[in-house]
Amino acid sequence: MLSFQQPAFYQSSKCFVTHGVMGHVDPKQPPSKGKPWTALAGQDFVCTVDLIVPQEVFGIVQETLWKNEAIPEYKRVVMSLHDILTGDFFSNYIKQGNILMISEGRRGIDNVFALKNGHLTMFLDKEAYERAGLVGKPHGVKGKRGLKPRWIVEVDLNSSSMIKGKKGYDRLVYASKNAFGAPMTWLFCNGTPIVPDPDPLAVFSPTSCTSSPSITQDVDALVPILIPPTSTSEQISRDELEDFSSEVYEWLSLVRLHSPRILKSDKIDPYLSLYRVPGGSQPGRLCKIGWRGFFSPSWTRQTMIDLIIALPSKTWFSFSTTTFSKGLAGDNTECTFLRPPNSSGEYLLWEIKSHE
Amino acid sequence: MIVPTKKDHQSIAADLLNRAFESEEATKILTEKVIQRPLFLCPTSPPPADARHARQLAAKRAKEQRRTKSLKPKPLSATQRKKQGLYQIPKEGQKYKLFEPLHNLWLGYIREILGNEVYTGGEAAAAKLASADFHGAGVEVVRSGCVSRVGTKGIVVKDGKFAFEIVTVKNKVKVVPKEGTIFRVEVPVPVVTKTIEVAEEKEGEEKKQSKMVFELHGDQFQFRSADRATRKFRAHFSKTL
């Protein structure tokens, strides 16, 4: 049988391109199976969300987004791991609710804690791991095991053995008191709109942050052909798809970065930049909306469903989500979705996956 | 009758040799092997080297050695020691309550050794503690390469060369190896503070309980209690920290 080797420690990020046709999106039964939806749901903690639409449909977009739900908000709170694992917070939010939390720090350097779907993952250095007394797996560089490796400890807080009095839970609480006693800064996002009353989080005086979108309108840009080329056999050859997708992805990224290279009026000396918008591009007006904060993948999925339903099917739009960076090199995973104009359900999906 | 003349008088040996060999060689053989031949006074001593005789002598010597060796008392082997159970604490004796008075004795002993250094700590206190005896100390495993040991807390019942035997609150005797492990010891220490005169209350002295906490690095501590007393501890670079 095929046996896949363990990946070497550092591999550069890979981009996977999918060109397919979506099924019909029913607002009452949000889709969860199939390619664009699983890719979106598979991300863990989303940091940035970008939406690019033609200026003409901006009104519809505004109406959709503002009508459905409140602007997504997240909270920044200072608490220790012990506070999370005990008391009302534990019984209300973790055992019954659905929350996302992530602590401050970078994964290869500091001790980082991440909580998603009731799974607590701790990325620890050698000293913290040895002081904690919890069983974990080594993480990171494989060779030279003796010198300061790092460790991952994963705990499922939703399981029935995580209650007071049981050995596993007691060891976890002991570790949180002794090894990770210091309070840390966390980002907190409630997956469901239900807030328990009284709110156990209020004791820690969280600062509530709303991520209101930043809107850039009326960008006079050159828009390339966004319809994938079809050869006579109705299936795009690999080379054509590669060329087309890389050009379009490059253009979309430049729009997201507010780069002046895509503007109609751009005249840059070729010595400084060789970029040219792909051939056959027409002038058009774009609008870019960006959110920056701490989002759950369920919110991103819901937003995309709303957009697909609301926007007329002949307009194109592009939706991309980026996660928080992991690891020492700062790689992150990203999902970019493009619906070409005048297509019914056709889409292009770019998934950037880092090695961690 | 022919009578041999003086001139022709040669020995019979020379004559015979002259018949077999040439004259030069004959004289040579005559001088070396006949005239100058060594004559032993006692030809059969020392006795000839006989293999059988030599073997008999060796066997006799070995038997003698074995006899003397078996008369010496030998130390017990590890299996024999375990069977005897000299160092095992009996089931009735594995109770935390039984060792609490020992623990109090030990606390008094430590306070006595350290004297004033209980409040200040430092190099001198460290040197004294390193050579102190730890039977009856209350320890807690705080950091270990083997993560299941972390959190073990109790009174030291046996301070061996490579491991501590600890009796826990739940009346279990646990053997905790010293390698790669850090133990925390706490010594409660009374701290006397004076309060100033407050209205109706008379001037009094408050006694608060404070603790002196120190951590033992098991890696550097792998010596028997008796050997530690005379040992000079030097700081060693630790690979695991």
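Rules of the game
Positions within a chain are numbered from 1, following the residues in the order the chain's sequence is written. Labels follow written order: the first chain is A, the first ligand is 1, and so on. At least 70 in pLDDT is required for a residue's local features to be given in this predicted model, at least 80 for side-chain atom pairs to be given and counted, and no such filter applies to totals for whole chains, interfaces and linings, which use all residues. Water and hydrogen atoms were dropped before computing side-chain values, which therefore reflect all heavy atoms in the structure. A helix here means a DSSP run of H or I that spans at least four residues, while a strand means a run of E at least two residues long, and both kinds are numbered starting from the N terminus. Relative accessibility thresholds used throughout: buried, under 20% of the residue-type maximum; exposed, over 50%; partly exposed, between the two (1.4 Å probe, protein chains only). Contacts between residues were defined by any pair of non-hydrogen atoms, one from each residue, lying within 4.5 Å. Accessible surface area values rest on a Shrake-Rupley calculation with a 1.4 Å probe, where residue burial reflects the displayed protein chains alone. Each patch is assembled from residues with relative accessible area greater than 30% and no salt bridge, linking like charges that lie within 9 Å and nonpolar side chains (Val, Leu, Ile, Met, Phe, Trp, Tyr) that lie within 5 Å. Here, a salt bridge means any Lys or Arg side-chain nitrogen found within 4 Å of an Asp or Glu carboxyl oxygen. In this tally Asp and Glu are treated as negative and Lys and Arg as positive; neither His nor the chain ends contributes. Taken as the charge centre is NZ of Lys, CZ of Arg, CG of Asp or CD of Glu, depending on the residue. What qualifies as a polar contact is a pair of N or O atoms within 3.5 Å, subject to a donor-acceptor requirement within protein and to the restriction that residues adjacent in sequence count only when both atoms come from side chains. Where each domain starts and ends follows an automatic or database-derived domain assignment. In short, buried area is how much 1.4 Å probe accessible area vanishes from two parts on joining, totalled over both. All amino acids are sorted into three groups, where Ala, Val, Leu, Ile, Met, Phe, Trp, Tyr, Cys and Pro are nonpolar, Asp, Glu, Lys and Arg are charged, and the leftover types, Gly among them, are polar. The term nonpolar core refers to a set of buried residues drawn from Ala, Val, Leu, Ile, Met, Phe, Trp, Tyr and Cys, joined through side-chain atoms within 4.5 Å. What makes two strands pair is DSSP finding at least two bridges between them. Angular values range over 0 to 180 degrees, each being the angle between N-to-C directions of two axes fitted as lines to C-alpha atoms, with helices fitted over their stretch in contact. One fewer than the residue count of a helix, multiplied by 1.5 Å, yields its expected span. It is the directions from the helix axis to the C-beta atoms that the arc portrays.

*Asks:* How should the overall build of chain B be read in this particular structure?
*Replies:* When you go through chain B residue by residue, the secondary structure sums to 8 helices and 6 strands. Looking at the 241 residues of chain B, the share that counts as buried comes to 26%. Within chain B, counting contacts between residues at least 6 apart in sequence, those at least 24 apart form 52% of the total. Surface exposure of chain B reaches about 19,000 Å², of which carbon and sulfur atoms provide 56%.

*Asks:* When you look at a negative patch on the surface in this model, what are you seeing that I'm missing?
*Replies:* On the surface, a cluster of negative charge is made up of Asp239(A), Glu240(A), Glu242(A), Asp243(A), Glu247(A) and Glu250(A). The exposure class of Glu242(A) is partly exposed, given its relative accessible area of 47%.

*Asks:* Please clarify how the side chain of Glu334(A) should be interpreted in this entry.
*Replies:* Residues and elements named next belong to chain A. Looking at where Glu-334 falls in the secondary structure, it is placed in strand 14 (residues 334-339). A distance of 2.5 Å separates polar atoms of two side chains, one belonging to Glu-334 and the other to Tyr-249. There is a polar contact of 3.5 Å between the side chain of Glu-334 and the side chain of Arg-256. If sequence neighbours within four positions are ignored, Glu-334 has contacts with Gln-43, Tyr-249, Arg-256, Thr-321, Thr-322, Trp-350, Glu-351 and Ile-352.

*Asks:* I'm lost on the domain arrangement of chain A in this one. Help?
*Replies:* Where interface size is quoted, it is often the accessible area lost as the parts come together. All names here are of chain A. Taken domain by domain, chain A holds domain 1 (2-72 + 212-353) and domain 2 (73-210). Centre-to-centre separation of domain 1 and domain 2, based on C-alpha positions: 32 Å. Contacts between the two partners involve 19 residues from domain 1 and, on the opposite side, 19 residues from domain 2. Across the domain 1/domain 2 interface, buried area totals approximately 1,500 Å², and carbon plus sulfur atoms make up 69% of it. Put simply, domain 1 and domain 2 have 0 salt bridges between them. On the surface where domain 1 and domain 2 come into contact, there are 2 residue pairs in polar contact (both at pLDDT 80 or more). In terms of residue class, the side of domain 1 that touches domain 2 is made up of 10 nonpolar, 6 polar and 3 charged.

*Asks:* When you look at the nonpolar core in this model, what are you seeing that I'm missing?
*Replies:* Note on soluble globular proteins: their nonpolar side chains tend to be buried together. Residues and elements named next belong to chain A. Leu-81, Phe-89, Met-101, Met-122, Leu-157, Phe-180 and Trp-186 are the most contacted members of the largest nonpolar core, which totals 35 residues. Apart from the residues within four sequence positions on either side, Phe-180 is in contact with Leu-81, Phe-113, Met-122, Leu-124, Ala-128, Ala-132 and Ala-175. Within the second largest apolar cluster, 29 residues are counted, among which are Trp-37, Val-57, Met-304 and Leu-311.

*Asks:* Would you mind going over the sheet that holds strand 7 (residues 137-139) of chain A with me for this structure?
*Replies:* The strands making up a sheet associate through backbone hydrogen bonding, with each pair oriented either parallel or antiparallel. Residue and element names in this part refer to chain A. A sheet is described by the order of its strands in space; here 8 strands give the open sequence 7-8-6-5-4-9-3-10, paired in antiparallel fashion. In this open sheet, the two strands that pair with only one neighbour each are strand 7 and strand 10 (207-210). Adjacent strand axes in the sheet meet at a mean angle of 25° when their direction is disregarded. Sitting on the sheet, helix 4 (residues 87-94) is in contact with strand 3 (73-79), strand 4 (99-103), strand 5 (112-116) and strand 9 (184-190), with an inclination near 130° to strand 4.

*Asks:* Explanation requested: the pairing of strand 4 of chain A in the structure shown.
*Replies:* Remark: a regular strand shows side chains that alternate across the two faces of the sheet. Residue and element names in this part refer to chain A. The element strand 4 is extensively covered by neighbouring structure, given that 5 of its 5 residues are classed as buried. Burial along strand 4 is two-sided: the face carrying Ile-99, Met-101 and Ser-103 and the face carrying Leu-100 and Ile-102 are both buried. Where strand 4 and strand 9 come together, 5 bridges link them in antiparallel fashion. Across the sheet, the residue bridging to Ile-102 is Leu-187, located in strand 9. As defined by bridge partners, strand 4 adjoins strand 5 across 3 bridges and the pair is classed as antiparallel.

*Asks:* Looking at this model, I keep getting lost on the pattern of salt bridges. Mind explaining?
*Replies:* A side chain of one charge can pair with a side chain of the opposite charge if their charged atoms are brought near each other. Residues and elements named next belong to chain A. According to the stated counting rule, one finds 18 salt bridges over all chains in the structure shown. A salt bridge links Lys-353 to Glu-351, with the shortest nitrogen-to-oxygen separation between them at 3.6 Å. For Lys-353, a relative accessible area of 40% translates into the label partly exposed. On the accessibility criterion, Glu-351 (6% relative accessible area) is buried.

*Asks:* Which parts of the structure should I look at to understand the interface of chain B and chain A?
*Replies:* Between chain B and chain A, the residue contacts involve 14 residues of the former and 13 residues of the latter. When the two sides are added together, the surface that chain B and chain A hide from each other amounts to roughly 1,000 Å², 41% of it contributed by carbon and sulfur. At the boundary of chain B and chain A, one finds 5 residue pairs in polar contact (both at pLDDT 80 or more). Among the elements that make up the side of chain B that touches chain A, the one with the highest residue count is strand 1 (residues 138-144) of chain B (5 residues). In terms of residue class, the side of chain B that touches chain A is made up of 5 nonpolar, 5 polar and 4 charged.

*Asks:* What is the right way to look at helix 6 (residues 167-178) of chain A in this model?
*Replies:* Three- or four-residue spacings in an α-helix give side chains the same orientation, since the helix completes a turn every 3.6 residues. All names here are of chain A. Across its 12 residues, helix 6 extends 16 Å between first and last C-alpha, which sits within 8% of the 16 Å expected from 1.5 Å per residue. What helix 6 keeps buried is the set Tyr-169, Leu-172, Val-173, Ala-175 and Ser-176. Across the axial projection of helix 6, the buried residues extend over an arc of 160°, all falling on one side. Among the exposed residues of helix 6, those pointing more than 90 degrees away from its buried face are Lys-167 and Lys-177. Residues of helix 6 that are buried sit in contact with helix 3 (81-85), helix 4, strand 6 (119-124), helix 5 (126-132) and strand 8 (150-156).

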